[in-house]
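# Notes for the structure review
Here is what each chain is made of, one letter per residue.
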Amino acid sequence: MKKLFFLPILFLFFSCSPDDKEEKPISNPTFDVDLLLKGWRYDTIKIDGILYDYQHNSFCYQDHFGFLNRPGQERMFVETTFTNDYCTNNSINMEWKIKKDKVFLYFGKPLVLTYEVVLLSENQFVFSFETDIDQDGTIDNVEISSTPYDPYDMYNNN
């Protein structure tokens, strides 16, 4: 009779495998994650191999994004773009996770965008992703080049 009592407990114990655990937010990165944790300004955009300078609004701060990882802002991605001459901005906050050479951006639970890290150094961050940027039904390869930028010191992760 005692065996019948412990059998369900044993079943529950062994049925919870390591696969049931939540995936690690940073898993086997191929780059130094600490180099990512700062503000970056957009410099160039390459779409299907054609290079363009990023067009910032000359009256405002430059369009920028950053990766935060500090108490209260764990794995937060912040992007700010300025939309008119009055410097009205659009801003978005998402959660980031890393697996190997990919940065995954989530808005709540849904995956919004996946960046492939092409180059990451102290002075440059280049990433690429695929999307139908011109909405012509064909997937385009987009590569963004950026340099450190921090008008507000909001990305200081110390």
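Presented here is an overview of the structure given in this document. (Residues numbered from 1 in each chain as written. Predicted model: local features only at pLDDT ≥ 70, side-chain atom pairs only at ≥ 80, totals over all residues. Heavy atoms only, no water.)

What follows covers the pairing of strand β4 (residues 64–70). Counted residue by residue, β4 has 5 buried out of 7 residues, so it is predominantly covered. Bridge count between β4 and strand β5 (residues 73–82): 6 bridges; the pairing is antiparallel. Within the sheet, the bridge partner assigned to L68 lies in β5 and is M76. Hairpin connection of β4 to β5: 2 residues between the antiparallel strands, including G72 at a positive phi of 85°. (Buried < 20%, exposed > 50% of the residue type's maximum accessible area, 1.4 Å probe, protein only. Helix = DSSP H or I, 4+ residues; strand = E, 2+ residues; numbered from the N terminus. Pairing = 2+ DSSP bridges.)

A few words on the pairing of β5. Two faces make up the sheet, and in a regular strand the side chains alternate between them. β5 sits mainly inside the fold: 7 of its 10 residues count as buried. Hairpin geometry of β5 and strand β6 (residues 89–99) is characterised by an intervening segment of 6 residues between the two adjacent antiparallel strands and by a positive phi of about 65° at C87.

With that out of the way, let us pick up the pattern of salt bridges. Side chains that carry opposite charge are capable of pairing whenever their charged atoms lie near each other. Counted under the stated rule, the structure contains 6 salt bridges. Among the salt bridges present, the one from K38 reaches E122, with a minimum N-O distance of 3.1 Å. Of the two residues, K38 sits in the loop between α2 (33–36) and β2 (39–47) while E122 sits in the loop between β8 (111–120) and β9 (125–131), which places them 84 residues apart along the sequence. Exposure remark for E122: the relative accessible area of 48% places this residue in the partly exposed category. The shortest N-O distance in the salt bridge between E143 and K46 comes to 3.8 Å. Taken together, the residues span a long stretch of sequence, with E143 in strand β10 (residues 140–148) and K46 in strand β2 at a distance of 97 residues. Judged by relative accessible area, E143 falls into the partly exposed class, the value being 23%. (Salt bridge = Lys/Arg side-chain N within 4 Å of Asp/Glu carboxyl O.)

Further remarks concern the state of the cysteines. Taken as a whole and assessed by the stated rule, the structure comprises 1 disulfide. Linked covalently through their sulfurs, C60 and C87 form a disulfide whose S-S length is 2.1 Å. Looking along the S-S bond of the C60-C87 disulfide, the torsion reads about -100°, which is the left-handed sense. Placement of C60 in the loop between β3 (50–53) and β4 and of C87 in the loop between β5 and β6 is noted, with a sequence separation of 27 residues between them. Classification of C87 by relative accessible area gives partly exposed; the value is 26%. (Disulfide = S-S within 2.5 Å.)

With that out of the way, let us pick up the packing of aromatic side chains. Inspection of every chain in the model, using the stated rule, returns 16 aromatic pairs. Judged by centre distance (6.2 Å) and plane angle (50°), the ring pair of F65 and F125 falls under tilted. Of this pair, F65 sits in strand β4 while F125 sits in strand β9, placing them 60 residues apart in sequence. By relative accessible area, which is 0% here, F125 ends up buried. (Phe/Tyr/Trp six-rings, centres within 6.5 Å; stacked < 30°, edge-to-face > 60°.)

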